[in-house]
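# Tertiary structure, described
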Amino acid sequence: MKCLICKQAETYPGVTTVTLERGGLTLVVKKVPAQVCPNCGEAYADENATSQLLETAGEMARIGTLVDVRQYMPPETMPQYPVKSLN
Ligand SMILES: [Zn+2]
């Protein structure tokens, strides 16, 4: 796709670092799949990956995590918090 920021170049598949804040939680996720602009360096994180990370961040905030730094993993390998068993 064409970069939305500089409108000068086509983005290419790469990775980026995403920082999410939820409640008191700051979650930093490295190597998230993204489209990266070779001209200005803007990175557009993959939508599916982002929504998955938001969900994870919501759970982590709920159990009281304040800071976490991790590397992105596809959903099937992402450690799952035992939400359902906490009843
Ligand atoms: Zn650009």
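Here's a quick rundown of the structure. (Residues numbered from 1 in each chain as written. Predicted model: local features only at pLDDT ≥ 70, side-chain atom pairs only at ≥ 80, totals over all residues.)

### With respect to the overall build of the chain
Summing up its helical and strand segments, the chain has 1 helix and 4 strands in all. Per-residue burial over the chain gives 14% buried out of 87 residues. For the chain, contacts bridging at least 24 residues in sequence account for 57% of all contacts bridging at least 6. (Helix = DSSP H or I, 4+ residues; strand = E, 2+ residues; numbered from the N terminus. Buried ≥ 20, exposed ≤ 12 C-beta atoms within 10 Å, placed from the backbone. Contact = placed C-beta atoms within 7 Å.)

### Considerations on the pairing of strand β1 (residues 12-22)
Note: β1 against strand β2 (residues 25-36), 10 bridges, orientation antiparallel. Opposite Gly14, over in β2, you have Ala34 as the bridge partner. A loop of 2 residues connects β1 with β2, the two strands running antiparallel in sequence, and Gly23 in this loop sits at a positive phi of about 55 degrees. (Pairing = 2+ DSSP bridges.)

### What to know about helix α1 (residues 47-62)
Given a rise of 1.5 Å per residue, 16 residues ought to cover 22 Å, and the 23 Å separating the end C-alpha atoms of α1 matches this to within 8%. Burial in α1 covers these residues: Ala49, Leu53, Thr56, Ala57 and Met60. Down the axis of α1, the smallest arc covering the buried residues is 105 degrees, so these residues share one side. Along α1, the residues that are exposed and aim more than 90 degrees away from the buried face are Glu47, Asn48, Ser51 and Glu55. On its buried face, α1 sits against β1, β2, β3 (43-45) and β4 (67-71). Where α1 terminates, the next one or two residues include Gly64, which has phi positive at roughly 95 degrees. (Expected span 1.5 Å × (residues − 1). Arc of directions from axis to C-beta.)

### Observations concerning the environment of Gly41
Looking at the element boundaries, Gly41 is found in the loop between β2 and β3. By C-beta crowding, Gly41 is classed as exposed, having 11 other C-beta atoms within 10 Å. In sequence terms Gly41 and Ile5 are 36 residues apart; their C-alpha atoms lie 9.6 Å from each other.

### So, the nonpolar core
Counting 8 residues, the largest nonpolar core consists of Val18, Leu27, Val29, Ala49, Leu53, Ala57, Met60 and Tyr72. Apart from the residues within four sequence positions on either side, Leu27 is in contact with Leu20, Ala57, Met60 and Asp68. (Core = buried A, V, L, I, M, F, W, Y, C linked by C-beta atoms within 7 Å.)

### Some details on unusual backbone geometry
With a phi close to 55 degrees, Lys7 is a non-glycine residue in the positive phi region. Within the secondary structure layout, Lys7 lies in the segment before β1.

### Digging into the environment of Gln71
Its place among the elements puts Gln71 in strand β4. Sequence spacing of Gln71 and Lys31 is 40 residues, and the spatial spacing of their C-alpha atoms is 6.0 Å. If we ignore the near neighbours within four places in the chain, the residues touching Gln71 are Lys30 and Lys31.

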